[in-house]
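Here is what each chain is made of, one letter per residue.
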Amino acid sequence: QIADYHTRMNVGVNQTGDRAVIVSLAWNTPGLMNNTLLVSFGTKVGDDFHFAAPKTYYMKMKSIFYPQVACTDYGVVIVGHLYDKATKEKDLVTSLLVQIDWGGTVVSRRDLPHPNVPTGHFTTCDLRPMDPQDWSKLTIAQSIYSTEPGITEGTEIYVYDAMTHELTRKNFLEGPENPGKF
């Protein structure tokens, strides 16, 4: 039973412009952090898109999720920062990557790598194709911020291959954590 939809949503359109997806967060119980991540697939009909009923693609969580979306030939890639592990005692925000095929089946799911520390914000701030002609390889930028000793602030750059589901760390840009610059 879905009570309401949240404004934390995003839309992706594939390279040829004939398929799209809406990724949203739904509240199951008004006033409670009991959320469901939903995806709705659409196909272009004339000048408009027709969307199917939303499907759940990840377990319910007590979290806010900020999705970024890329539509590839190999399915939809969703990445975003997840506050599910944050509590008053432990301020830890991580990033989740989920790939769903065009039939709605999850084909890959992982947390993005981050230092093993009790506090910090390791949040994704950008997802886009590496090459405008090849949308199978996606660049992901993840901000690194923690007050824990030994953690260098900056941005990690990953490449995710939607065909092979491989995630590769490509670069680290040292400097103040600033997801807004992306």
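No experiment lies behind these values; they were computed from the predicted model shown. (Residues numbered from 1 in each chain as written. Predicted model: local features only at pLDDT ≥ 70, side-chain atom pairs only at ≥ 80, totals over all residues. Heavy atoms only, no water.)

Asker: How would you sum up the overall build of the protein chain? Please name residues and give values.
Answerer: Of the regular secondary structure elements, the protein chain holds zero helices and 14 strands. Shown N-terminal to C-terminal, the secondary structure of the protein chain runs as helices and strands in the order β-β-β-β-β-β-β-β-β-β-β-β-β-β. The buried share of the protein chain, taken over its 182 residues, is 44%. Of the contacts formed within the protein chain by residues at least 6 apart in sequence, a portion of 45% connects residues at least 24 apart. For the protein chain, the accessible surface area stands at approximately 9,400 Å², while carbon and sulfur atoms represent 51% of it. (Helix = DSSP H or I, 4+ residues; strand = E, 2+ residues; numbered from the N terminus. Buried < 20%, exposed > 50% of the residue type's maximum accessible area, 1.4 Å probe, protein only. Contact = heavy atoms within 4.5 Å. Areas by Shrake-Rupley, 256 points an atom, 1.4 Å probe, with all protein chains shown as cover.)

Asker: Give a detailed account of the pairing of strand β14 (residues 166-174), specifying residues and quantitative values.
Answerer: Across eight bridges, strand β13 (residues 154-161) lies against β14 in antiparallel orientation. Residue pairing for β14: Tyr 158 is matched across the bridge by Arg 169. In this antiparallel pair of consecutive strands, β13 and β14, the connection spans four residues, and His 165 shows a positive phi of 65°. (Pairing = 2+ DSSP bridges.)

Asker: An account of unusual backbone geometry is requested, with residue identities and associated values reported.
Answerer: We note that His 165 has phi near 65°; this positive angle belongs to a residue other than glycine. Looking at the secondary structure, you find His 165 in the loop between β13 and β14. With a relative accessible area of 25%, His 165 lands in the partly exposed category.

Asker: Could you give me a rundown of the nonpolar core, with the residues and numbers involved?
Answerer: One finds Val 21, Tyr 57, Phe 65 and Val 76 to be the most contacted residues of the largest nonpolar core, which totals 20 residues. Mapped by element, the contributors of at least two residues to this core are β3 (19-27), β4 (35-45), β6 (55-61), β7 (65-72), β8 (75-82) and β9 (92-100). By size, the runner-up hydrophobic cluster in this structure holds twelve residues, among which are Ala 70, Leu 112, Leu 127 and Tyr 160. (Core = buried A, V, L, I, M, F, W, Y, C linked by side-chain atoms within 4.5 Å.)

Asker: A description of the environment of Pro 132 should follow, citing residues and the corresponding values.
Answerer: Among the secondary structure elements, Pro 132 is positioned in the loop between β11 (120-131) and β12 (134-145). With 117 residues separating them in the primary sequence, Pro 132 and Gln 15 have C-alpha atoms 8.6 Å apart.

Asker: Tell me about the side chain of Ser 108, and please be specific about residues and values.
Answerer: The residue Ser 108 is located in strand β10 (residues 106-111) in this model. Among the polar contacts made by the side chain of Ser 108, one reaches the side chain of Tyr 160 at a distance of 3.4 Å. Non-local contacts of Ser 108, meaning those with residues more than four positions away in its chain, are made with Leu 97, Val 98, Gln 99, Tyr 160 and His 165. (Polar contact = N/O pair within 3.5 Å; in protein donor to acceptor, adjacent residues only side chain to side chain.)

Asker: For the confidence of the model for the protein chain, give the residues involved together with the corresponding values.
Answerer: Residues with a pLDDT of 70 or more make up 83% of the protein chain, whose mean pLDDT is 83. Mean pLDDT across the elements of the protein chain bottoms out in strand β1 (residues 4-5) (54) and peaks in strand β5 (residues 48-51) (96). (pLDDT = per-residue confidence, 0-100.)

Asker: Let's hear about the pattern of salt bridges: which residues, and what values?
Answerer: It is possible for side chains of opposite charge to pair when their charged atoms get near one another. By the definition in use, this model includes four salt bridges. Across the pair Asp 111 and Arg 109 runs a salt bridge, and its minimum N-O distance is 3.6 Å. When its relative accessible area of 31% is taken as the criterion, Asp 111 is described as partly exposed. Across the pair Glu 156 and Arg 169 runs a salt bridge, and its minimum N-O distance is 2.8 Å. With Glu 156 in strand β13 and Arg 169 in strand β14, this pair connects stretches of sequence that are 13 residues apart. (Salt bridge = Lys/Arg side-chain N within 4 Å of Asp/Glu carboxyl O.)

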